[in-house]
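# Observations on chain architecture
Each chain is listed here by its residues.
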Amino acid sequence: MLTVEDWAEIRRLHRAESVPIKEIVRRLGVARNTVRAALASDRPPRYERPARGSVVDAFEPRIRVLLGEWPRMPVPVIAERIGWPYSLSPLKKRLAQIRPEYVGIDPVDRTVYEPGQITQCDLWFPQPRIPVAAGQDRVLPVLVMTLGFSRFMTATMIPTRQAGDILSGMWLLICGVGRVTRTLVWDRESAIGGTGRVSSPAAAFAGTLATRIQLAPPRDPEYKGMVERANGYLETSFLPGRRFTSPTDFNTQLGDWLGSTANTRTVRSIQGRPVDLLQTDYLSMVDLPPIGPQVGLQQRIRLGRDYYVRVDTVDYSVDPRSIGRFVEVTATAHVVTVSCDGTVVARHDRSWAKHGVITDPDHAATAKLMRHALADDRQRRLAATRHHGDGHPVTLRALHDYDALFGVDFNPTVKASSE
């Protein structure tokens with residue numbers, strides 16, 4: 001086969017130096033017809049291996065029949081229907097080529113965001129396990145929010161995926177920026193819109209901030225591609241080579257990295273640095289309300305004899321003097337507060353561990369005093385009971401028993417006299 005170098009040399013000799021074909025044949029040692037073909041060709045020669053066919057070719061008509069009726073039929077089911085005897089790899093490759101003919105292609109337009117228009121939100125789950133208690137490590141979610149216009153990134157690790165914790169993290173990040181965009185985009189996260197509709201806590205949060213939460217279509221990660229790429233950027237550029245001693249340490253390192261690296265780099269799609277474009281984004285955002293939204297985990301329960309309340313599998317002690325009364329429990333990412341009739345009866349640092357017990361020494365001491373007081377009262381009552389000579393307690397009967405015994409009725413019923 002004629003090489004590209006020989007093809008180029010033949011054309012140069014004949015066209016640039018006017019060397020005749022016979023002389024080119026002598027110099028290069030190629031056939032006369034080869035020289036003529038090289039001069040007639042406008043493109044360099046290219047080797048093309050002839051197609052050898054594939055084991056799928058014989059099955060393709062039956063595959064197309066199945067795809068015509070069920071375009072999204074999974075590969076294993078197709079293999080079963082057509083009696084596929086080989087590895088699934090060649091079948092998968094062929095299906096990747098022909099399935100779009102039946103399913104169709106859903107192109108995605110390039111979207112341009114205006115300042116203050118949109119923020120994309122998502123949960124990122126970094127693989128390193130974070131120490132949360134002695135001998136206990138957990139994989140914890142990280143809330144990531146990316147502004148559409150400036151690409152400014154904010155993120156924080158949160159204790160759980162419950163609505164109260166997610167909204168608490170959102171409020172923390174929004175307060176860090178100082179304003180909120182007109183739209184917050186979320187996927188079908190169960191606590192935000194798992195049913196296809198925005199959940200009540202999320203709707204209340206958005207209403208307080210005068211913004212709206214927009215849910216992405218199901219199984220469409222490109223809909224919030226900015227924050228998805230931000231998650232990948234965190235995975236590849238923030239995590240490698242780092243160690244974390246606690247969730248607080250993780251958030252400290254993450255905040256420093258976002259300020260020094262992520263938001264100061266030049267983003268190719270906008271040809272600018274997020275930190276420089278943030279002010280333009282900020283001026284078009286919505287002001288925050290004077291009173292913040294209701295965030296955190298909240299519940300109202302009646303305090304039992306076991307004077308503890310449970311928040312995310314962890315039990316926290318409460319002042320035992322509130323036993324039998326309703327208490328309001330509020331848990332942010334860092335503090336658990338319990339109040340009764342407007343009075344705070346317990347306050348603890350929130351534990352991110354699982355199945356723990358947090359006890360305030362003052363609560364335990366109060367419970368001990370109450371137990372002793374109750375025991376002393378029982379002893380006094382027992383001592384005041386009269387006893388027979390053999391030690392048995394004297395039975396105290398009700399007064400109406402004596403009235404019945406002697407036939408006395410102090411409340412006679414007046415009967416009307418008959419005429």
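What comes next concerns the included structure. (Residues numbered from 1 in each chain as written. Predicted model: local features only at pLDDT ≥ 70, side-chain atom pairs only at ≥ 80, totals over all residues. Heavy atoms only, no water.)

## A few points about the environment of Gly68
Structurally, Gly68 is set in helix H4 (residues 60–69). Judged by relative accessible area, which is 52%, Gly68 ranks as exposed. Between the alpha carbons of Gly68 and Arg347 there is a distance of 64 Å; along the sequence they are 279 residues apart. (Helix = DSSP H or I, 4+ residues; strand = E, 2+ residues; numbered from the N terminus. Buried < 20%, exposed > 50% of the residue type's maximum accessible area, 1.4 Å probe, protein only.)

## Focus on the pattern of salt bridges
Any two side chains of opposite charge can pair, on the condition that their charged atoms come close. Taken as a whole and assessed by the stated rule, the structure comprises 21 salt bridges. With its nearest N and O atoms 2.4 Å apart, the salt bridge here joins Arg12 to Glu17. Assessed through its relative accessible area of 36%, Arg12 is described here as partly exposed. The closest approach of N and O atoms between Lys224 and Asp187, which form a salt bridge, is 3.4 Å. (Salt bridge = Lys/Arg side-chain N within 4 Å of Asp/Glu carboxyl O.)

## Some remarks on the state of the cysteines
Counting across every chain of the model gives 0 disulfides. For Cys175, which is in no disulfide, the shortest distance to another cysteine sulfur is to Cys121 and amounts to 14 Å. (Disulfide = S-S within 2.5 Å.)

## Observations concerning the nonpolar core
With 25 residues, the main nonpolar core has Met170, Trp186 and Phe205 as its most contacted residues. Among the secondary structure elements, those contributing two or more residues to this core are strand E1 (118–124), strand E4 (142–147), helix H8 (163–177), strand E7 (183–186), helix H9 (190–193), helix H10 (200–209) and strand E8 (212–215). Counting residues per element, this core draws most heavily on H8, at 7 residues. If we skip the residues at most four places from it in the chain, Trp186 touches Cys121, Asp122, Leu123, Leu143, Ile166, Met170, Ile192, Ile213, Gln214, Leu215, Ala216 and Lys224. (Core = buried A, V, L, I, M, F, W, Y, C linked by side-chain atoms within 4.5 Å. Contact = heavy atoms within 4.5 Å.)

## A look at the sheet that holds strand E10 (residues 297–302)
Spatial ordering of the open sheet is given by E10-E13-E14-E15, a layout of 4 strands whose pairing is antiparallel. Every interior strand has two partners, whereas the edge strands, E10 and strand E15 (343–349), have only one. Across this sheet, the average inter-strand angle for adjacent strands is 15 degrees, counted without regard to direction. Bridge count for E10 against strand E13 (residues 326–331) is 6 bridges, and the pairing is antiparallel. Looking at E13, one finds that Arg300 is bridged to Glu328. (Pairing = 2+ DSSP bridges. Axes fitted to C-alpha atoms, helices over the stretch in contact; angles between N-to-C directions.)

## Some details on the pairing of strand E12 (residues 314–317)
Across the two faces of E12 the burial is the same, with Val314 and Tyr316 and Asp315 and Ser317 all buried. Note: strand E11 (residues 308–311) against E12, 4 bridges, orientation antiparallel. Bridging from a neighbouring strand, Val309 pairs with Tyr316 of E12. Hairpin remark: E11 followed by E12, antiparallel, with 2 residues in the connecting loop; positive phi at Asp312, about 50 degrees. Across 2 bridges, the pairing between E12 and strand E16 (residues 357–358) is parallel.

## Re the packing of aromatic side chains
Taken as a whole and assessed by the stated rule, the structure comprises 8 aromatic pairs. Here Trp84 and Tyr86 contribute two aromatic rings whose centre-to-centre distance is 5.3 Å and whose plane-to-plane angle is 75 degrees, an arrangement assigned as edge-to-face. When the centroid spacing of 5.2 Å and the interplanar angle of 45 degrees are considered together, the rings of Tyr233 and Trp257 count as tilted. Of the two residues, Tyr233 sits in helix H11 (residues 225–238) while Trp257 sits in helix H12 (residues 247–262), which places them 24 residues apart along the sequence. Accessibility expressed as a relative area gives 6% for Trp257, which makes it buried. Directly above the ring of Phe326 sits Arg300, whose terminal nitrogen or CZ lies 4.3 Å from the centroid. (Phe/Tyr/Trp six-rings, centres within 6.5 Å; stacked < 30°, edge-to-face > 60°. Lys NZ or Arg CZ within 6 Å of the ring centre and 35° of its normal.)

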